[in-house]
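Geometric and topological summary
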Number of protein chains: 2
Amino acid sequence: MGGDFGPRVTVTAACDALRRHPQLEIVLVGQADAINSHLRRQRGDHLQRLHLIHADDVVPMDEKPSQALRKRQHTSMSKALELVAEGRAQACISAGNTGALMAMSRAVLGMLPCIERPAITTAIPTLKGHSYMLDLGANVDCSAEQLLQFAIMGSVMVEAIEQSERPAIGLLNVGSEQHKGNDQVREASRLIGAHAGLNFIGYLEGDDLFNGRADVIVCDGFVGNIALKSCEGLSKLLVRRVQGSFRRNLYRRLVALLATPILRDLKAQLDPGRLNGASLLGLQGVVIKSHGGANRNYFGYAIDVALEEARMNVPARIRDRVRDEMARCGEQTDPQPF
Amino acid sequence: MGGDFGPRVTVTAACDALRRHPQLEIVLVGQADAINSHLRRQRGDHLQRLHLIHADDVVPMDEKPSQALRKRQHTSMSKALELVAEGRAQACISAGNTGALMAMSRAVLGMLPCIERPAITTAIPTLKGHSYMLDLGANVDCSAEQLLQFAIMGSVMVEAIEQSERPAIGLLNVGSEQHKGNDQVREASRLIGAHAGLNFIGYLEGDDLFNGRADVIVCDGFVGNIALKSCEGLSKLLVRRVQGSFRRNLYRRLVALLATPILRDLKAQLDPGRLNGASLLGLQGVVIKSHGGANRNYFGYAIDVALEEARMNVPARIRDRVRDEMARCGEQTDPQPF
């Protein structure tokens, strides 16, 4: 039900995904009438793998997480998460209210042992491929211990999804020298560095974000959110400047015509929607947040991210890895059933 | 003496600036031998407006600010700042160690009344022109009061340099809703909003950075530094992608040839060096920091920024405005001679 376009996007994207993945089953959770009105136009065998669970309520996009949590029982968001909690679904995908999704995921699924709060991560493009950056806004204030947890979770994510061994972990800071940064970052550097199981390469500066030096980029959610959104803002400015530059006179318009395939290809490459689907890590289950403004294709990418994380069982890998790392460093662990 | 290239860049850029500005006088401060070896090739009347003050020592680029401060007497950096303190120069420009420049500026020039620490600001390009963002890394932890000081200083900067009235001030945050963000940001929002003399438009998100919604973008130095450097990193990635895209096959190479003037023009537009010259605001004098990697042209832009700020007497304007704002809000001020 979530996002700027509601079931119009999510229902059609779900049908596309069923066609792409012959083993996939999807449960749509939301107001049956709204969903059915978009299902009516769909045809094909793949619809046998599509199920519907009705939910009366929807979490509004601007509702405070605490409010959403109080009256959560009948919302599509909580019902979808309950399917994961009960093992009837392997992942939950939402384009809805991020804060509410975070809070409800914690309440319904619970956190993994030794992880305090969920972190949001997503793949970002680099000169060498992809890196994973976390946190992207779930936690505005982070302790050094939380930054360590992010390092472990990001590391597991890269190992599982990118099939890479000993991914390089960098800690975002305002300089590369040891004395730079605030107290949390300096203490986190010490903590992450003390874990021999983690391949810590030290501090990164902002301009290392896209050069692929690190596979995992660790930062608090305040900085991560603003850094990544700033880059979105810059992309928009650049697209406008490129367009303007190719329109200034007749010669330039002709060249633009000849360059159409190149420019189209560039636009596709730079398309932020291609990386849609942010993961909420640290929960006892896979939860994926799609951008609210995602279109049918972009929402499909988020479904594919969910599929991949469920397939690799990322939450179980994180649980095991956190236990191992904590044991190795002699820290107390309190393993809970998972 | 500072920067990656030392006097080779600074001496030649100084000579260029003297040619550009017939009223300008420049004092080069540093090791006389090194400077003279680059002056030898220069010819022309403008050299009469060039002066040299010898300094035995240079602050190394990697020295800690506290160390630089202890043994500062004979360094080119402190001698240059002393010229400003004594009124023999109206501005100091350095491409050297940023932390040392900050610490020495405070020690030699002193802060303006009611300003706790210097803030670094620079113009950033937007869809509509320029905005000024501060702080860009001088302060890794900022109180709400400091963020208010940044708002006032940025506002004065835009009024003086961009000749704009009642510049719009935005506060960088992870969301636009009132409850978003950390304690300092929420408290700063209250403080800035309480000053009727400031045109506060509320929270900005990262993707507002380049759209020109605000003329002044206020943030702490940790976030500001990482956000802006992340954008530099993205620019580098994009330039590489564009180049790659125009080289993939013969057709594309031919189109690239036809597009040469457009691509050159775009590259010039996107050139981060064009905005070289960051201002250290809040000091009793004009201090400009050039990027360490600046070439002759880029260092010249930093000289022009210094000239403009000295011409508009930005420090005195900040002093007056801070006094007015504090008086208007009934806060205690302790005016010092300036």
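These lines cover the structure that appears in this document, whether it is placed above or below. Model, not experiment: these values are computed from the prediction.

1. Observations regarding the overall build of chain A
Tallying secondary structure elements over chain A gives 12 helices and 10 strands in all. Across its three principal axes, chain A shows a C-alpha extent of roughly 60 × 60 × 35 Å. A total of 338 residues make up chain A; the buried ones form 50% of that total. Considering only residue pairs separated by 6 or more positions, chain A has 72% of its internal contacts joining residues 24 or more positions apart.

2. Quick notes on the packing of helix H4 (residues 76-85) of chain B against helix H5 (residues 98-109) of chain B
Any two packed helices are characterised by how steeply their axes cross, that is the angle between the axes, and by the distance between the axes. Residues and elements named next belong to chain B. Their axes nearest at 9 Å, the elements H4 and H5 cross at an angle of 40 degrees. The angle between H4 and H5 falls in the class oblique. Helix-helix and strand crossings are classified by hand; for H4 and H5 the assignment is right-handed. Counting all contacts with H4, which are made through Met 77, Ser 78, Leu 81, Glu 82, Val 84 and Ala 85, the residues of H5 involved are Ala 100, Leu 101, Met 104, Ser 105, Val 108 and Leu 109. Grouping the amino acids of the contact of H4 with H5 by side-chain chemistry returns 9 nonpolar, 2 polar and 1 charged.

3. Description of the environment of Lys 229 of chain B
Mapped onto the elements of the fold, Lys 229 of chain B is located in helix H8 (residues 221-245). In the structure, Lys 229 of chain B is positioned 93 residues away from Leu 136 of chain B in sequence and 9.5 Å away in space, judged by C-alpha atoms. For Lys 229 of chain B, the residues in contact, after removing those within four places along its chain, are Glu 205, Gly 206 and Asp 207 of chain A.

4. Points about the relation of the copies chain A and chain B
Superposing chain A onto chain B takes a rotation of 180 degrees combined with a translation of 0.0 Å along the rotation axis, leaving an RMSD of 0.0 Å. Such a combination of turn and shift is consistent with a two-fold rotation axis. Closest approach to the rotation axis among the C-alpha atoms of chain A is made by Ala 227 of chain A, whose C-alpha sits 2.1 Å away. The fraction of interface residues of chain A whose copies in chain B are also interface residues reaches 100%, indicating that both copies meet through the same surface.

5. Digging into the interface of chain A and chain B
Each partner contributes residues to the interface: chain A has 48 residues there, and chain B has 48 residues. For the side of chain A that touches chain B, the secondary structure elements donating two or more residues are helix H8 (221-245), helix H9 (250-258) and helix H10 (260-270) of chain A. The dominant element in the side of chain A that touches chain B, judged by the number of residues it contributes, is H8 of chain A, at 20 residues. Within the side of chain A that touches chain B, the residues separate by chemical class into 24 nonpolar, 12 polar and 12 charged.

6. Structural notes on the sheet that holds strand S6 (residues 168-172) of chain A
Residues and elements named next belong to chain A. Read across the sheet, 8 strands follow the order S3-S10-S9-S4-S5-S8-S6-S7 without closing on themselves; strand pairing throughout is mixed. Edge positions in the open sheet fall to strand S3 (91-94) and strand S7 (199-204), since each of these has one partner strand only. For this sheet, the mean inter-axis angle between neighbouring strands, taken without regard to orientation, is 25 degrees.

7. With respect to the nonpolar core
In this structure, Val 218 of chain A together with Val 218 of chain B are the most contacted members of the largest nonpolar core, which totals 217 residues. Filtering out sequence-adjacent residues up to four positions away, Val 218 of chain A remains in contact with Leu 134, Leu 147, Phe 150, Ala 151, Gly 154, Ile 169, Gly 170, Leu 171 and Leu 172 of chain A.

8. Concerning unusual backbone geometry
A negative phi angle characterises most non-glycine residues, just as the trans form characterises most peptide bonds. All names here are of chain A. Residue Asp 135 is bonded to the preceding Leu 134 through a cis peptide linkage, with omega at 5 degrees. Tracing the backbone shows Asp 135 in the loop between strand S5 (130-134) and helix H6 (144-161). Phi at Cys 114 takes a positive value of approximately 70 degrees, unusual for a residue other than glycine. Position of Cys 114 among the secondary structure elements: in the loop between helix H5 (98-109) and strand S4 (119-125). Phi at Arg 166 takes a positive value of approximately 40 degrees, unusual for a residue other than glycine. You can see Arg 166 is positioned in the loop between H6 and S6.

9. With respect to the sheet that holds strand S9 (residues 278-281) of chain B
Residue and element names in this part refer to chain B. Taken in spatial order, the 8 strands line up as S3-S10-S9-S4-S5-S8-S6-S7 in an open sheet, and their pairing is mixed. Every other strand in the sheet has two partners, leaving strand S3 (91-94) and strand S7 (199-204) as the edge strands with one partner each. Each strand axis lies, on average, 25 degrees off the axis of its neighbour in the sheet, ignoring direction. Bridging between strand S4 (residues 119-125) and S9 involves 3 bridges; their strand directions are antiparallel. Paired with Ala 119 across the two strands is Leu 281, which belongs to S9.

10. A word on the environment of Asp 33 of chain B
Topologically, Asp 33 of chain B is positioned in helix H2 (residues 32-39). Placed 71 residues apart in sequence, Asp 33 of chain B and Met 104 of chain B show a C-alpha to C-alpha distance of 24 Å.

11. Examining helix H1 (residues 7-20) of chain A
Residue and element names in this part refer to chain A. Given a rise of 1.5 Å per residue, 14 residues ought to cover 20 Å, and the 19 Å separating the end C-alpha atoms of H1 matches this to within 8%. Taken across its 14 residues, H1 has 10 buried, putting it largely inside the fold. Taken as a whole, H1 has its buried residues at Pro 7, Val 9, Thr 10, Val 11, Thr 12, Ala 13, Ala 14, Cys 15, Ala 17 and Leu 18. At its buried positions, H1 is contacted by strand S1 (26-30), helix H2 (32-39), strand S2 (50-54) and helix H11 (296-311).

12. A closer look at the environment of Gln 178 of chain A
Tracing the chain through its elements places Gln 178 of chain A in the loop between S6 and helix H7 (183-193). Note: C-alpha distance between Gln 178 of chain A and Gly 202 of chain A (24 residues apart in sequence) is 8.8 Å.

Quick notes on the rules
- As a convention, each chain's residues are numbered from 1 in the sequence order in which they are written.
- A letter from A marks each chain and a number from 1 marks each ligand, given out in the order of writing.
- With the structure being a predicted model, the display of local features is reserved for residues of pLDDT at least 70 and the display and counting of side-chain atom pairs for 80 or more, all residues being used for whole-chain, interface and lining totals.
- The way it works is that DSSP assigns letters per residue, a run of H or I at least four long becomes a helix, a run of E at least two long becomes a strand, and they are numbered from the N terminus.
- Remark: C-beta atoms are placed from the backbone, and a residue is labelled buried if 20 or more other C-beta atoms sit within 10 Å of its own, exposed if 12 or fewer do, or partly exposed between those counts.
- Residues are defined as contacting one another if the C-beta atoms placed from their backbone atoms lie within 7 Å.
- Only C-alpha atoms enter the line fits that serve as axes; for helices the fit covers just the stretch in contact. Angles between N-to-C directions range over 0 to 180 degrees.
- If an angle is under 35 degrees, it is roughly parallel; if it is over 145, roughly antiparallel; if it lies from 65 to 115, roughly perpendicular; otherwise it is oblique.
- Crossings are sorted by hand: turned counterclockwise from the far helix by less than a right angle, the near helix makes the crossing left-handed, and turned clockwise it makes it right-handed.
- Gly counts as polar in this scheme, as do all residues outside two lists: the nonpolar Ala, Val, Leu, Ile, Met, Phe, Trp, Tyr, Cys and Pro, and the charged Asp, Glu, Lys and Arg.
- Our superposition of the copies is a least-squares fit, built on the C-alpha atoms of residues whose pLDDT is at least 70 in both.
- When DSSP locates at least two bridges between a pair of strands, those strands are taken to pair.
- Joined through C-beta atoms within 7 Å, a set of buried Ala, Val, Leu, Ile, Met, Phe, Trp, Tyr and Cys residues constitutes a nonpolar core.
- Multiplying 1.5 Å by the residue count of a helix minus one yields the expected span of that helix.

On their own, these measurements won't tell you what the molecule is for.
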